[in-house]
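Analysis of the macromolecular model
For reference, the chains in residue letters:
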Amino acid sequence: MSGYSASCPSCGAPVTFSLGTTLLKICDHCGSAVARKGVNLEDYGKVAQLIPTPSVLALGLKGGYEGAPGFELIGRLQVDHGTGTWDEWLLSFGGDSWAWLSESQGQFHYMGQAPAPPVPAFEDLRVGQTIDLGPPGVFVVTEARSGRFVSGQGELPFAVVPGSELHYADLSGPQGQFATLDYGTGSELETLYVGRKVALDEMGLTPVRDDERLARAQGRSLSCTQCGGPLEVRCPDLTQRIACAYCGSLLDATKNYQVIAKLTQPPFQPDVPLGARGTLFGVEWLCIGAMERSVTVEGVRYPWREHLLYEPAQGFRWLVESKGHWSFVEPANAGDVQEAVGNVCYHDAKRYKHFQSGEAVVDHVLGEFYWGVRQGDQVVSHDYVCPPYMLSRESNDEEITWSRGAYVEPAEVWKAFGLQPPPRERQGVGAIQPWRWAQDAPKVYGWGLLFAGLLLVLFVGFSIFGGSVVHRQNLAVPVGAASGSPEAAAFTAPFVVERPGNLEVAIEAPVSNSWMYFAGALINDEDGGLDEFDADVEYYFGSDSDGSWTEGSTTARRYVASVPPGRYTLRLEPQWEPGKKPPAYNVTVRSRVTRFYWFLLAGLAVAAWPLLLGLMQLRFEGARWSESDHSWSASSDDEDEE
Amino acid sequence: MRRLYLMFGIATLALYGTASWRGWELFAAKRGFVPADVRQAPGGYRSYGFWRGGK
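Keep in mind that this is a model prediction, so the values were computed, not measured. (Residues numbered from 1 in each chain as written. Chains lettered and ligands numbered in written order. Predicted model: local features only at pLDDT ≥ 70, side-chain atom pairs only at ≥ 80, totals over all residues.)

For the rest of this paragraph, the subject is the overall build of chain A. When its secondary structure is counted, chain A shows 5 helices and 41 strands. Against the 2.2 N^0.38 benchmark of 26 Å for 642 residues, chain A shows a C-alpha radius of gyration of 42 Å, more extended than a compact globule. Dimensions of chain A, computed from the C-alpha atoms along their principal axes, are close to 145 × 55 × 50 Å. Looking at chain A as a whole, 36% of its 642 residues qualify as buried. Here the analysis covers contacts within chain A between residues at least 6 apart in sequence; of these, 58% occur between residues at least 24 apart. (Helix = DSSP H or I, 4+ residues; strand = E, 2+ residues; numbered from the N terminus. Rg over C-alpha atoms; globule rule 2.2 N^0.38 Å. Buried ≥ 20, exposed ≤ 12 C-beta atoms within 10 Å, placed from the backbone. Contact = placed C-beta atoms within 7 Å.)

Next up, the structure:
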C-alpha cells in the first residue's frame, strides 16, 4: 500500500502515505490527523501547532547511515513529558523500512526496530531494573514515563489520536547502546527500538538554516518578568528554565519567561560567574547556570554547588564544588555501569566503592538550565568513588541517571576562568581528592618488596658463601694450669690476613652445664697492633615440669673491625668454672664476614619509605572515608544499622 | 618520589653488598699497640712456641 493517496476526510485535500507501514498522516493542508484503517481513512482530529523546539531538522531532509539505503525524513512526532518537548523524526528507507531519529537537547539517537523478547508490563517497570533484550544485551531501565502526543508533521507509523498519553521506557545498554520500549497507549509492549547516539554528520544530515532559530541561538537580552532586571539568555536554543541573577526568580523559558517561582534576591553567588568562559580539558566552556543542592543527614545540612557548563559541540557538563573541592562531571551511560554486590560498581574498567547515599534536594538555582528544574526537586543519590573519579547515580520514580566526575584542582578552575580572589582553603579530604602520592605509592610498595627480597637473597648468599677461613686450630688448656692464669693462655699459630676487612673469631668449646671465658687478643706480628676482645661460651641443659630445656651455646663469635693485611697471632687466656676440667676448644678465624646488623639496617632503610608512605596513605584515606557512610571509625553497630 | 626511592633502594643494596663483601664494621675497633721491644723482651711478648699453645 505504499504510495497510497486519498483525500483528507476533513478538508478534502490530497493526502499521500509514502510508506506502506505508516498509519497516520498529518494533513499538510488542514492539520488533521488522518488515520489509515485498511482502505479507509479516518479523521482523528486536528493536531496542535508545532511546538517551537530547537530542532535543526526538517521534513524532506535526506541522508545515509552506515551503508544502509539512503533515507528521507518523512514524519515528525512531538511528545511532551511534562517538563519539556522533544522531537522524533521518522526516517523512511523506502518500501516498508523505517527508523526513528530522536532529537533532544541537541543530541540525536538513531533507533531501529528489533525483535522484542518478553518484557514486563509498563506498570511493572521500575527504573534501575535490568532487562535482557536478547542479542543486543542486557539493558538497564533509565526512564519510564508517559508523554503526551502534542503535535506532529508528515507521516507516523501508528494511528494514535493527538493528545493521547504514550507510555515508554528508555533503556541504556552496553557500549553506548540505547533502547526504547514503546508501549503505545497501553501497558503491553508494542515495539522495541534499539540504537545508539549519533552525530548528524555521520547520518549524512546537514542542519537546516533556520533564521529564526539562528537569531535565537545567538543569544538575546530580555528583562526579568519579575524584577525587570536584564536577563541575558546565553543558550536560548536549549534553555527551558532561567533563574534571574538579580532577584533569583525562576522563569519558564519555553512559555515566554513566565514566572514559576518568585524571589526577591539571588540566593547565592556562584564561584564561577554566569557568562564566564574557561578552558578545561581542552574545551572552552561557558558557564550558564548554577545551583545549590544539599543532603540532610541527622539534621545536619551538607550543601554543594554545581555550575552548569555548555559548549555547543560537547553539550553540557557540570563543575561541582563541595567544601573547596572541585570536580568536573559528565554524563555516563547507565548501560556501561555494572553494579555488583558489596557496594561496588564497575565502569570503564574501574572499580568504584560506595561512598555515600542521600536524598539530594535542589535548594537554589541561578541562570539557565536545559531541563525544567524547580526548587525542591529531589532525587536519591548514590556516590561511588575511585579517586580521582566519582560515579554518581541519581534516581526518582521515573528516571535514573549516571554521571562521572573527575577531581579538578581548585587552582586549575581559577586559572581556567580567570577568577579572583584565590580559591578558598579546602576543608578536609575530598571524596575523590587524589592522594598526593597515589601514582607513586604502588611502585614504591612494589619496589619495596623487590628490594626486601633481593636483600634477603644477598644476606643468605653472603652468609653461606661470604668470608674466607684464614685459620683453624684446636687448643687445649695445659694440665695443671689454673683458671685465668698466664699458664692457661695459648697462642695460635701465626696466620696471614691478605685483604683488609673484619675478622670473625669463632671459639667452640664443648662445655656441658658449664662455662668458659676467654680474654682474647689479636696481635699483628709485624707492627705489634693489638685488638683485644673477650668471649663467653656457656651451655646449660636439663629438664623440669615443662620438659627439657637448653640455654646458651657452645660457640661464641667475636668480631674485630678493620683488620689490615698482615701476619697475626691470636692469644686466648681462658677461665672456667671452678672444680671443672676445661675442655679442649676449637678456634676458627674468618676474614671479611657479613654482619647481620648490616642486613637489619639495610632492611629498615628500604622498608622505611613504603612504611611511611603507607601510614600517610592510611591517614589520608581515613580522613576521606570519615565523611562517608562507611567511616572507618564507625562502630560495628553503626554498620549494622546501615 | 618513586624515582628517588628507586635510586635510594639500589644505593642501599649496593652499600649492603659492598659492606658485606669487604667485611665492613659499623664501629672501628680501639686498637692497642705492643712495641717491638716488649714483644721481644722475655716475659713481655711470648711466642707461639713458648706458650705451647698449639697441639
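Scanning chain B from terminus to terminus reveals 3 helices and 1 strand. Going from N to C terminus, chain B has its helices and strands arranged as α-β-α-α. Burial statistics for chain B: of 55 residues in total, 18% are counted as buried.

This paragraph deals with the interface of chain B and chain A. Every contact between the two is made by 32 residues of chain B and, on the other side, 47 residues of chain A. Looking at the side of chain B that touches chain A, the elements that each hand over two or more residues are α1 (2-22), β1 (32-33), α2 (36-40) and α3 (48-51) of chain B. Top contributing element to the side of chain B that touches chain A by residue count: α1 of chain B, with 11 residues. Residues that form the side of chain B that touches chain A fall into these classes: 16 nonpolar, 8 polar and 8 charged. By the bridge criterion, 2 bridges tie strand β37 (residues 529-544) of chain A to β1 of chain B in an arrangement that is antiparallel. If you follow Leu530 of chain A over to β1 of chain B, its bridge partner there is Gly32 of chain B. (Nonpolar A, V, L, I, M, F, W, Y, C, P; charged D, E, K, R; others polar. Pairing = 2+ DSSP bridges.)

Residues and elements named next belong to chain A. Spatially, 4 strands are ordered β32-β41-β35-β39 in an open sheet, and the strand pairing comes out antiparallel. Either end of the sheet is taken by a strand with one partner, and the two such strands are β32 (468-475) and β39 (555-563). Pairs of neighbouring strands in the sheet enclose a mean axial angle of 15 degrees, with direction left out of account. Looking at chain direction, β32 and strand β41 (residues 585-591) are connected through 7 bridges and run antiparallel. In the strand pairing of β41, Asn474 is matched with Asn586. (Axes fitted to C-alpha atoms, helices over the stretch in contact; angles between N-to-C directions.)

What follows covers the nonpolar core. All names here are of chain A. By size, the foremost hydrophobic cluster in this structure holds 66 residues, and its most contacted members are Leu90, Leu91, Val141, Leu171, Ala179 and Leu181. Of all the elements, strand β12 (residues 138-156) adds the most residues to this core, at 6 residues. Sequence-distant contacts of Leu181, that is, excluding residues within four places in its chain, are made with Val119, Tyr168, Ala169, Leu171, Leu189 and Leu192. (Core = buried A, V, L, I, M, F, W, Y, C linked by C-beta atoms within 7 Å.)

What follows is about unusual backbone geometry. All names here are of chain A. The peptide bond linking Pro387 to Pro388 adopts the cis configuration, its omega dihedral lying at 10 degrees. With respect to the helices and strands, the residue Pro388 is situated in the loop between β29 (378-386) and β30 (389-395). Backbone torsion omega between Gln420 and Pro421 reads -10 degrees, so that peptide bond is classified as cis. Although it is not a glycine, Asn513 adopts a positive phi angle of roughly 50 degrees. Note on placement: Asn513 falls in the loop between β35 (501-508) and β36 (514-524). Its 14 C-beta neighbours within 10 Å are what place Asn513 among the partly exposed residues. Positive phi is not limited to glycine here, since Ser562 has a value of about 45 degrees. Relative to the elements of secondary structure, Ser562 occurs in strand β39. The class for Ser562 is partly exposed, based on 16 C-beta atoms found within 10 Å.

All right, on to the packing of helix α3 (residues 440-465) of chain A against α1 of chain B then. α1 of chain B packs onto α3 of chain A with a crossing angle of 5 degrees between their chain directions and a minimal axis gap of 10 Å. When the interaxial angle is binned, α3 of chain A and α1 of chain B end up roughly parallel. Residue-level contacts link Asp440, Lys443, Val444, Trp447, Phe451, Leu454, Leu455, Leu458 and Phe462 of chain A of α3 of chain A to Arg2, Tyr5, Leu6, Gly9, Leu13, Tyr16, Gly17 and Ser20 of chain B of α1 of chain B. Split by residue class, the contact of α3 of chain A with α1 of chain B holds 11 nonpolar, 3 polar and 3 charged. (Parallel < 35°, antiparallel > 145°, perpendicular 65-115°, else oblique.)

Before going further, it helps to spend a moment on the environment of Val297 of chain A. Residues and elements named next belong to chain A. Mapped onto the elements, Val297 comes out in strand β22 (residues 283-297). Taking the number of C-beta atoms within 10 Å as the measure of exposure, Val297 has 13 and is therefore partly exposed. Along the sequence, Val297 and Asn333 sit 36 residues apart, while their C-alpha atoms lie 29 Å from each other. For Val297, the contacting residues outside a window of four places in its chain are Tyr302 and Gly358.

A few words on helix α4 (residues 596-625) of chain A. Here α4 of chain A is 30 residues long and its end C-alpha atoms lie 42 Å apart, about the 44 Å a rise of 1.5 Å per residue gives. Along its length, α4 of chain A shows its largest kink, about 35 degrees, at Ala608 of chain A, and proline Pro610 of chain A lies within four residues downstream of that point. Trp598, Phe599, Ala602, Val606, Trp609, Pro610, Leu613, Arg624 and Trp625 of chain A are the residues of α4 of chain A that are buried. The inward-facing, buried residues of α4 of chain A contact α3 of chain A together with α1 of chain B. (Expected span 1.5 Å × (residues − 1). Bend = angle between axes of the 7 residues up to and from the residue.)

All names here are of chain B. The predicted model of chain B has a mean per-residue pLDDT of 74, with 62% of residues at 70 or higher. Across chain B, the element-wise mean pLDDT spans from 40 in α3 up to 94 in α1. Low pLDDT, under 50, characterises residues 45-55; the predicted model gives this stretch 27 contacts beyond four residues in sequence or across chains. Both confidence scores are given for the complex: pTM 0.74, ipTM 0.78. (pLDDT = per-residue confidence, 0-100.)

Another point: α3 of chain A. In an α-helix, one turn spans 3.6 residues; hence positions three or four apart end up facing the same way. Compared with an ideal rise of 1.5 Å per residue, which puts 26 residues at 38 Å, α3 of chain A spans 36 Å between its outermost C-alpha atoms and is within 8% of the ideal. Looking at the buried residues of α3 of chain A, the elements they touch are α4 of chain A together with α1 of chain B. Among the residues trailing α3 of chain A, Gly467 of chain A stands out with phi positive, at a value near 75 degrees.

Further remarks concern the packing of α4 of chain A against α1 of chain B. At a closest axis distance of 10 Å, the pairing of α4 of chain A and α1 of chain B adopts a crossing angle of 180 degrees. Of the possible angle classes, the one that applies to α4 of chain A and α1 of chain B is roughly antiparallel. In this structure, α4 of chain A uses Trp598, Phe599, Ala602, Ala605, Val606 and Trp609 of chain A to contact α1 of chain B, whose residues at the interface are Tyr5, Gly9, Thr12, Leu13, Tyr16, Ala19 and Ser20 of chain B. Its residues placed into classes, the contact of α4 of chain A with α1 of chain B shows 10 nonpolar, 3 polar and no charged.

What follows covers the pairing of strand β25 (residues 325-332) of chain A. All names here are of chain A. Bridge count between strand β24 (residues 315-322) and β25: 5 bridges; the pairing is antiparallel. Within β25, the position partnered with Glu321 by the bridge is Trp326. The turn joining β24 and β25, which pair antiparallel and follow one another in sequence, is formed by 2 residues; a positive phi near 55 degrees is taken by Lys323. Where β25 meets strand β31 (residues 400-408), 7 bridges bridge the pair, whose relative direction is antiparallel.

In the predicted model, chain A carries a mean pLDDT of 87, and 95% of its residues have values of at least 70. Within chain A, the lowest mean pLDDT, 44, falls on helix α5 (residues 636-641) of chain A, and the highest, 96, falls on β41 of chain A.

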